[in-house]
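Chain by chain, the residues:
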Amino acid sequence: MMLNRKIFRKLLVFLLTIPVFLFIFFPILWLFTASLSTQVELYAVPPHWIPQHPTFQNYFEIFFPSQAASSVPRTFAISILNSIKIASAVTIICIVIGSLAAYSLARIPFKYNRPIQLGILGIRMIPEVSLIIPLFIIASSLKLINKPIVLIITYMSFALPYTIWLMAAYFQSVPIELEEAARLDGCTRLGILFRVVMPVSVPGLVSTAMFIFLLAWDEFFYALIFTSTLAAKTAPVAIAEFVGRYAVNITGMMAGGLLAAIPPILVALLFQRYIVSGMTAGAVKG
Amino acid sequence: MAAILKSNPKRRLSLRQQDARTAWLLLVPSLVVILGVTLWPIISTFILSFLNAPTGINQAKTYIGLDNYVTMIKDRTFWETIGRTLYFTVASVGLEMILGLAIAQLVHSHPWGWKFLRFSLIIPWAVPTIVNGAMWRWIYSADFGALNGLLMQLGLIKHYVPWLSLPNMAMPLVILADVWHMMPFVALILQAALANLPEELEEAAAVDGANAWQRFWQIRVPLLRPAILVALIARTVDAFRVFDIVYIITSGGPAFKTITITYLTYLNTFSYGKQGTGAALSFLISFFTLIMAFIYIRVLYRPEENQ
């Protein structure tokens with residue numbers, strides 16, 4: 001009797017997970033099957049949930065844009081490359097200069113340590129829209145519009161404070177005894193940082209890098225304002241541009257959108273544990 | 001060694017000074033960048049909000065005091081936009097918190113496949129905002145959308161409906177898209193917090209005869225309070241300045257029914273050519289954010305709440 005109730009309960013809870021799974025997977029699976037359809041089949045009423053003539057044509061055209069008939073695949077191919085370049089550059093710069101600052105704030109007691117920490121936490125929350133006008137004015141007078149460098153620089157406004165915040169939380173979790181031992185052995189601060197702290201902080205550096213990469217990949221507002229040509233346009237801008245137009249290659253856009261979602265999904269799945277602790281780290285103090 | 005350091009205050013002081021110098025050395029590159037890309041622009045924006053500043057680099061700017069703010073406050077569009085932004089914020093954050101807590105609780109009760117469920121939760125969050133928006137725009141499409149297809153096959157509609165052209169449907173549909181995207185963020189944070197809770201308290205309460213419902217509300221939720229607050233504040237700040245998802249799904253339409261405050265700022269600055277008004281609006285968004293940031297810092301720096 002007791003056992004039956006237990007199994008019944010287990011079954012009930014399990015049944016509750018089904019709508020959750022449906023909610024999570026239905027939209028994205030539909031997007032995937034639709035991207036495998038031909039234009040004609042996409043418009044079928046009632047819809048073909050599983051295409052009768054599935055084709056990888058749309059994906060093929062993005063990987064080999066020279067053979068594509070429309071401009072959609074070519075734009076996607078180039079804009080995804082732009083996104084990769086820009087997000088990687090932002091990540092590397094942030095990790096290099098941000099982790100130094102983070103160590104200083106996490107471990108060295110000096111006069112303005114705390115005010116700077118709080119300042120950076122506050123700055124992290126300034127919305128992009130409040131910075132865009134001056135940044136736009138200076139970027140146009142320096143003729144930086146439509147160059148990748150303008151996005152790399154402006155992305156620092158949200159990525160760098162975030163890096164510092166995440167890395168400071170990580171450094172605080174490194175046992176202080178390690179540093180004290182090195183210090184007694186006559187190591188300088190910089191020696192401690194590079195020979196003792198950095199090597200044991202590799203997991204923190206990797207997960208922070210992933211986080212920053214995801215943020216930079218996702219960014220849209222600056223990219224919308226600062227880029228409109230293929231020289232620097234990122235994947236989100238390309239998608240937004242196509243979506244607003246009628247009579248373009250919709251299934252091609254769907255394939256492009258999914259491809260743009262694959263790098264962040266992979267990163268998130270592979271580094272899930274770190275990312276979830278990163279979500280909370282900005283949050284619950286180490 | 002430590003004893004020597006202690007007995008020699010002069011040497012200790014110099015170490016400390018040396019430390020401070022190193023600290024600044026490490027900080028300088030980041031501080032320069034942060035000052036350049038955030039502090040300087042936000043101050044410029046603030047100054048700009050007191051100027052009459054038509055877009056265009058060579059246009060003359062004139063000081064007009066609080067005029068930008070006064071015009072803004074007198075404008076009905078502004079208040080309608082604030083109302084709409086609050087509608088979006090309260091509805092989407094509210095749904096995300098309720099669903100997020102429920103799903104975190106569901107994962108925590110370890111049903112069959114709970115590890116796979118936790119694993120899957122990160123997928124919607126990882127989908128870029130613009131891809132997410134485009135996906136939902138296609139789902140809502142009047143010509144080929146999955147929503148129409150689904151409702152038709154269930155026999156709920158007879159003809160395809162142009163969902164995004166219906167004035168009262170557009171905003172709820174944008175909210176649904178945002179909930180799909182961000183609910184996992186809340187669920188994952190709360191699930192991680194749940195996994196760290198001590199079990200003894202609830203076991204003791206169970207022994208004392210508290211039922212599951214009482215244990216949930218009187219023990220689990222209070223212990224989760226810091227995590228709930230963090231998720232709530234992070235989501236509220238984000239939702240209040242929503243732009244991307246609205247831009248991609250409805251472009252503010254139909255008939256301005258989904259224009260939010262950041263969208264209005266964007267339009268003023270880059271479409272209507274009124275940088276001063278744009279600056280005033282954006283400063284208002286910053287002001288709200290600053291208040292939220294203040295609460296956030298207060299929450300974070302209350303030592304007794306950090307377990």
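So, how was this worked out
Residues numbered from 1 in each chain as written. Chains lettered and ligands numbered in written order. Predicted model: local features only at pLDDT ≥ 70, side-chain atom pairs only at ≥ 80, totals over all residues. Helix = DSSP H or I, 4+ residues; strand = E, 2+ residues; numbered from the N terminus. Rg over C-alpha atoms; globule rule 2.2 N^0.38 Å. Buried ≥ 20, exposed ≤ 12 C-beta atoms within 10 Å, placed from the backbone. Expected span 1.5 Å × (residues − 1). Axes fitted to C-alpha atoms, helices over the stretch in contact; angles between N-to-C directions. Left-handed = near helix turned anticlockwise from the far one by under 90°. Contact = placed C-beta atoms within 7 Å. Nonpolar A, V, L, I, M, F, W, Y, C, P; charged D, E, K, R; others polar. Core = buried A, V, L, I, M, F, W, Y, C linked by C-beta atoms within 7 Å. Domains from an automatic or database assignment. pLDDT = per-residue confidence, 0-100. Parallel < 35°, antiparallel > 145°, perpendicular 65-115°, else oblique.

A few points about the overall build of chain A
Within chain A one finds 15 helices and zero strands. At 24 Å, chain A has a C-alpha radius of gyration far larger than the 19 Å of a compact globule built from 286 residues. Summarising its shape, the C-alpha atoms of chain A cover approximately 80 × 75 × 35 Å along the three principal directions. Counting only residues that meet the buried cut, chain A has 49% of its 286 residues in that class.

Topic: helix 5 (residues 114–126) of chain B
Between the first and last C-alpha of helix 5 of chain B there are 19 Å, a value that for 13 residues agrees with the 18 Å anticipated at 1.5 Å per step. When we look at burial in helix 5 of chain B, the residues that qualify are Leu-117, Arg-118, Leu-121, Ile-122, Pro-124, Trp-125 and Ala-126 of chain B.

Description of the packing of helix 14 (residues 250–270) of chain A against helix 6 (residues 129–139) of chain B
Remark: helix 14 of chain A packs on helix 6 of chain B, axes separated minimally by 10 Å, with the N-to-C direction vectors making an angle of 145°. Seen along the crossing, helix 14 of chain A lies across helix 6 of chain B with a hand that is left-handed. In this structure, helix 14 of chain A contributes Met-254, Gly-257, Ala-260 and Ala-261 of chain A to the contact, and helix 6 of chain B contributes Val-131, Ala-134, Met-135 and Trp-138 of chain B. Considered class by class, the residues forming the contact of helix 14 of chain A with helix 6 of chain B number seven nonpolar, one polar and no charged.

Some points on the environment of Val-248 of chain A
Residue and element names in this part refer to chain A. Tracing the backbone through its elements, the reader meets Val-248 in the loop between helix 13 (235–243) and helix 14. On the neighbour-count criterion, Val-248 (14 C-beta atoms within 10 Å) is partly exposed. Once the C-alpha coordinates of Val-248 and Leu-205 are considered, the two residues, 43 residues apart in sequence, prove to be 42 Å apart. Beyond its immediate stretch of four places on either side in the chain, Val-248 contacts Val-72, Phe-242 and Met-253.

Remarks on the nonpolar core
Most often, soluble globular proteins have nonpolar side chains that are buried together. Within the largest apolar cluster, 168 residues are counted, with the highest numbers of intra-cluster contacts made by Val-90 and Ile-239 of chain A together with Ile-189 and Leu-190 of chain B. There are two domains that each give this core at least three residues, and those are domain 1 (1–55) and domain 2 (71–281) of chain A.

Brief notes about the confidence of the model for chain B
All names here are of chain B. When the pLDDT values of chain B are averaged, the result is 87; 91% of them are 70 or greater. Across residues 1–5 the pLDDT falls below 50, and counting only partners more than four positions away or on other chains, this stretch makes three contacts in the model. Model confidence for the complex: the whole-complex pTM is 0.89, and ipTM, which rates the interface, is 0.90.

Remarks on unusual backbone geometry
That bond from Val-45 of chain A to Pro-46 of chain A is cis: its omega, -10°, falls within 30 degrees of zero. Looking at where Pro-46 of chain A falls in the secondary structure, it is placed in the loop between helix 2 (39–42) and helix 3 (57–63). Backbone torsion omega between Gly-253 of chain B and Pro-254 of chain B reads -10°, so that peptide bond is classified as cis. Within the secondary structure layout, Pro-254 of chain B lies in the loop between helix 11 (244–249) and helix 12 (261–271). You will see that Lys-143 of chain A, though not glycine, has its phi angle at about 55°, which is positive. Checked against the element boundaries, Lys-143 of chain A lands in the loop between helix 6 (132–141) and helix 7 (148–154).

Structural notes on the packing of helix 13 of chain A against helix 6 of chain B
Their axes nearest at 9 Å, the elements helix 13 of chain A and helix 6 of chain B cross at an angle of 20°. Taken as axis vectors, helix 13 of chain A and helix 6 of chain B run roughly parallel relative to one another. Of the two elements, helix 13 of chain A crosses helix 6 of chain B, and the hand of that crossing is left-handed. In this structure, helix 13 of chain A contributes Pro-236, Ile-239, Ala-240 and Val-243 of chain A to the contact, and helix 6 of chain B contributes Ile-130, Val-131, Ala-134 and Arg-137 of chain B. Partitioning the contact of helix 13 of chain A with helix 6 of chain B into residue classes produces seven nonpolar, no polar and one charged.

Considering the domain arrangement of chain A
Residue and element names in this part refer to chain A. Taken domain by domain, chain A comprises domain 1 (1–55) and domain 2 (71–281). Relative placement of domain 1 and domain 2: their C-alpha centres are 34 Å apart. Facing the eight residues of domain 1 at the interface are five residues of domain 2. For the side of domain 1 that touches domain 2, the secondary-structure elements that each account for two or more residues are helix 1 (2–35) and helix 2. By residue number, the principal contributor to the side of domain 1 that touches domain 2 is helix 1, which donates four residues. Of the residues assigned to the side of domain 1 that touches domain 2, the class counts are four nonpolar, four polar and no charged.

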